[in-house]
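# Summary of structural features
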2 protein chains.
Amino acid sequence: MIRFGKYPDRTIAELAGPAVLQALAEAGATPRDINAAYTGSMYGGTSVGQRILKTLDLTGIPIVNVENACSSSSTALREAWIAVGAGIYDTAMVIGVDQLSVLPRGPLPLARDDLEVRQGMIMPALYAMRARRHMQEYGTTIGQLARVSVKNHHNGALNPHAQYQMEVSLDEVAASRPVADPLTLLHSCPTGDGAAAVIIAASKVAKRFTRKPAKIVASVLTSGRFMAHDRDMTSPEVSVRAAAEAYEMAGLGPADISVAEVHDAFTIAEIMYYEALGFCGRGEGGRFVDSGATELGGQIPVNPSGGLLAKGHPPGATGVAQVAEVWWELQGAAGPRQVENAKVGLTHCTGGGVSGLDHAACTIHILAV
Amino acid sequence: MIRFGKYPDRTIAELAGPAVLQALAEAGATPRDINAAYTGSMYGGTSVGQRILKTLDLTGIPIVNVENACSSSSTALREAWIAVGAGIYDTAMVIGVDQLSVLPRGPLPLARDDLEVRQGMIMPALYAMRARRHMQEYGTTIGQLARVSVKNHHNGALNPHAQYQMEVSLDEVAASRPVADPLTLLHSCPTGDGAAAVIIAASKVAKRFTRKPAKIVASVLTSGRFMAHDRDMTSPEVSVRAAAEAYEMAGLGPADISVAEVHDAFTIAEIMYYEALGFCGRGEGGRFVDSGATELGGQIPVNPSGGLLAKGHPPGATGVAQVAEVWWELQGAAGPRQVENAKVGLTHCTGGGVSGLDHAACTIHILAV
């Protein structure tokens, strides 16, 4: 993956090309080794994969572009996993990319379709309401929420791919500018540009590309069932359902997970996902982060990459970037942010706020070495 | 499918909903029978499938949005076919949709990525050059090209789903306003809005939904290898390659095809696709249409629906609409445009002109009863 940031002067091919080349290089692969490509992007526009791959001698092969809001490239990964698992391809390149810095400013035209978005239920507002409700129901404090930001910025400062590589203090989180009460800027992920790429391969050929393959033992995609006003704001139902499916598919449980990358678009989101993924009990997320359990060296390190809060969140890039981080962790190649003895990694990606559903798409992947 | 046309006042859900409901009704299916949904759209924007399905009680299931230019929904169909074939789902709803009437006018911002498009190589210009070259190389005449438009408008006049249900004469084609010499307006497909939906099912459950299943015996996706200036303008290389793969997968040849829907974005395109699909020899496409071979009642009826030229071409909708037409033909349910004794149908969809490749994506499906 490339370092996430602001790259308004690059074409989409210039943005994603280096990630694709790095994936090929780490796998010791050439373009001829790649049977198909799947690209995930939310705002990349038509033929985004083709526009990237034409410059990299990766043409002629089947190329599929997938859009599923923040889960675009994690959905692309799942599509590639289905096709490789079905024997259609031996290998597939999966690319995540987005470039928010070149988008026109202002609301998405799609908002006209969505009753709640028209009323102002944009992401920061939605998560602020979730935070308030979690605080009321479970006694979660704003200081506990801020601990998520402090932890993830600490991790991001150790990650050369992170958009923001700086520590922040609890006081700085509290004092940063308001976004949607009680959330301030440092409770919120940034916008930006980025790209990431991974190669998946059938078991029979994987050893050609790595000495230590990571097996995808679960790949799950769900969509929301309700509009936000219809449901319990403190429980991300679409993630709870995806987690249950993923653990069943993998034959594993929360206690088996060594490391997780979760969709911390706002601090409250990470708290809710601890609970949804079973890392702690319902309502206990605030106390859980306060305990240090999800820090590097803790019981279950979450977002060693810095997460969306520090690493950044070009939406289409995030899903594959999470998988890249887990890959490096499982290889023991994560440098100063390495989780010791990482054997099983989980990635969780969810989003889609103008869909008229609480979430348009939630994906969970579990990888094991 | 809905009748293609201009529907600027509908939301995308209002545009596509009737097609989804019709597919359910024809299959005698309820939303609970559908395990997953794949949506293909070029311009539908984020979470297009979710925005359609939320109003139809088709939520909670995996939803994947696919973009591949004019081949968006045919690529979505292929993804669904892979997943159902792999046993991931028993059934999937595949939706194609686009609404060009609500797009801002003017060039796509993507053109900045593409050397050739920046120089003016937009679709009408590209096909005009192909026409001129075909005329020079093979003695094809403008009158032969016009026969494609006359034939497809004749068929469209028999199709209640067609955007333009009117006959046109050779003289009217020649006299319509110039677009890109030698192509006039009636050599060119219209813009418009539309939606189509099909349900695919695993063999073991298909009989629940129809007495006469059509089996997908080939599903192929290719991408272009060259920029337009690099190659022979008279041969659509990406389609030639896809056709060879599709016939091999199906164990069939051109002589086995009863009916075909091909991507006649311009009259010259249909001529070139006769040759690419092996319906006639290289360079013979002009004389082939002149012979009447591709008319209803001819040797191999092509575009009984009216094709893109008459039925219309909301790009994301086209791939699934072609499959819907072939489905009705194979069921003997195509009314006045019925091809007699139709047993094997082929759909061919290709496009992607701002990708920097000659074509971003070409799909071919062969269905057999």
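Throughout, residues of each chain are indexed from 1 in the direction in which the sequence is written. Lettering of chains starts at A and numbering of ligands starts at 1, both following the order in which they are written. The model is predicted, so local features are restricted to residues of pLDDT at least 70 and side-chain atom pairs to those at 80 or more, both for listing and for counting; the totals for chains, interfaces and linings are taken over all residues. Side-chain numbers here rest on the full set of heavy atoms in the structure, without hydrogens or water.

### So, the nonpolar core
Val-20, Tyr-38 and Ile-52 of chain A together with Val-20, Tyr-38 and Ile-52 of chain B are the most contacted members of the largest nonpolar core, which has 124 residues in total. The residues contacting Tyr-38 of chain A, other than those within four sequence positions of it, are Val-64, Ala-76, Glu-79, Ala-80, Ala-83, Tyr-89, Ala-92, Met-93, Val-94 and Ile-95 of chain A together with Glu-79 and Ile-82 of chain B. Residues belong to one nonpolar core when they are buried, are Ala, Val, Leu, Ile, Met, Phe, Trp, Tyr or Cys, and are joined through side-chain atoms within 4.5 Å. For each residue, the accessible area found with a 1.4 Å probe, counting protein chains only, is set against the maximum for its type, and the residue is called buried under 20%, exposed over 50%, and partly exposed in between. The next biggest cluster of nonpolar side chains, apart from the first, holds 44 residues, and it includes Ala-246, Ile-257, Ala-293 and Val-302 of chain A. Any two residues whose heavy atoms approach within 4.5 Å are treated as being in contact.

### Let's talk about helix α9 (residues 237-250) of chain A
Residue and element names in this part refer to chain A. Labels follow the DSSP assignment, with helices taken as runs of H or I lasting at least four residues and strands as runs of E lasting at least two, numbered in each case from the N terminus. Expected helix span is given by 1.5 Å per residue-to-residue step, counting one fewer step than there are residues. Taking 1.5 Å per residue as the helical rise, α9 with its 14 residues ought to reach 20 Å, and the 20 Å between its terminal C-alpha atoms agrees with that figure. Residues of α9 that are buried: Glu-237, Val-238, Ser-239, Arg-241, Ala-242, Ala-243, Ala-246, Tyr-247 and Ala-250. For α9, the secondary structure elements touched by its buried residues are β7 (215-222), α10 (267-276), β9 (344-351) and β10 (361-368). Of the residues trailing α9, Gly-251 is marked for its positive phi of about 65°.

### Some thoughts on the pattern of salt bridges
By definition, a salt bridge exists where a carboxyl oxygen of Asp or Glu is found within 4 Å of a side-chain nitrogen of Lys or Arg. Here the structure, examined in full by the defined rule, presents 24 salt bridges over all chains. The partner of Glu-237 of chain A in a salt bridge is Arg-241 of chain A, and the shortest N-O contact between them spans 2.7 Å. With Glu-237 of chain A and Arg-241 of chain A both in helix α9 and 4 residues apart, the pair spans about one turn of that helix. Note on accessibility: Glu-237 of chain A and Arg-241 of chain A belong to one class, buried. Between Asp-232 of chain B and Arg-282 of chain B there is a salt bridge, and its shortest N-O distance comes to 2.6 Å. On the criterion of sequence distance, the pair formed by Asp-232 of chain B in the loop between β7 (215-222) and α9 (237-250) and Arg-282 of chain B in the loop between α10 (267-276) and α11 (285-290) is long-range, its members being 50 residues apart. For Asp-232 of chain B, a relative accessible area of 39% translates into the label partly exposed.

### Details of the pairing of strand β6 (residues 193-201) of chain A
Residues and elements named next belong to chain A. Among the 9 residues in β6, 7 count as buried, and that is most of the element. At least two DSSP bridges between two strands are needed for those strands to be called paired. Here 9 bridges tie strand β3 (residues 91-99) to β6, and the two strands are oriented antiparallel to one another. Considered in β6, the bridge of Ala-92 is made with Ile-200.

### Things to note about the relation of the copies chain B and chain A
Between the two copies, chain B and chain A, the superposition gives an RMSD of 0.0 Å; the rotation angle is 180° and the shift along the axis is 0.0 Å. Those values place the two copies in the arrangement expected of a two-fold rotation axis. Here 100% of the contact residues of chain B are again contact residues in chain A; the copies associate through an equivalent surface. Least squares is used to superpose the copies, and the fit set is the C-alpha atoms of residues whose pLDDT is at least 70 in both copies.

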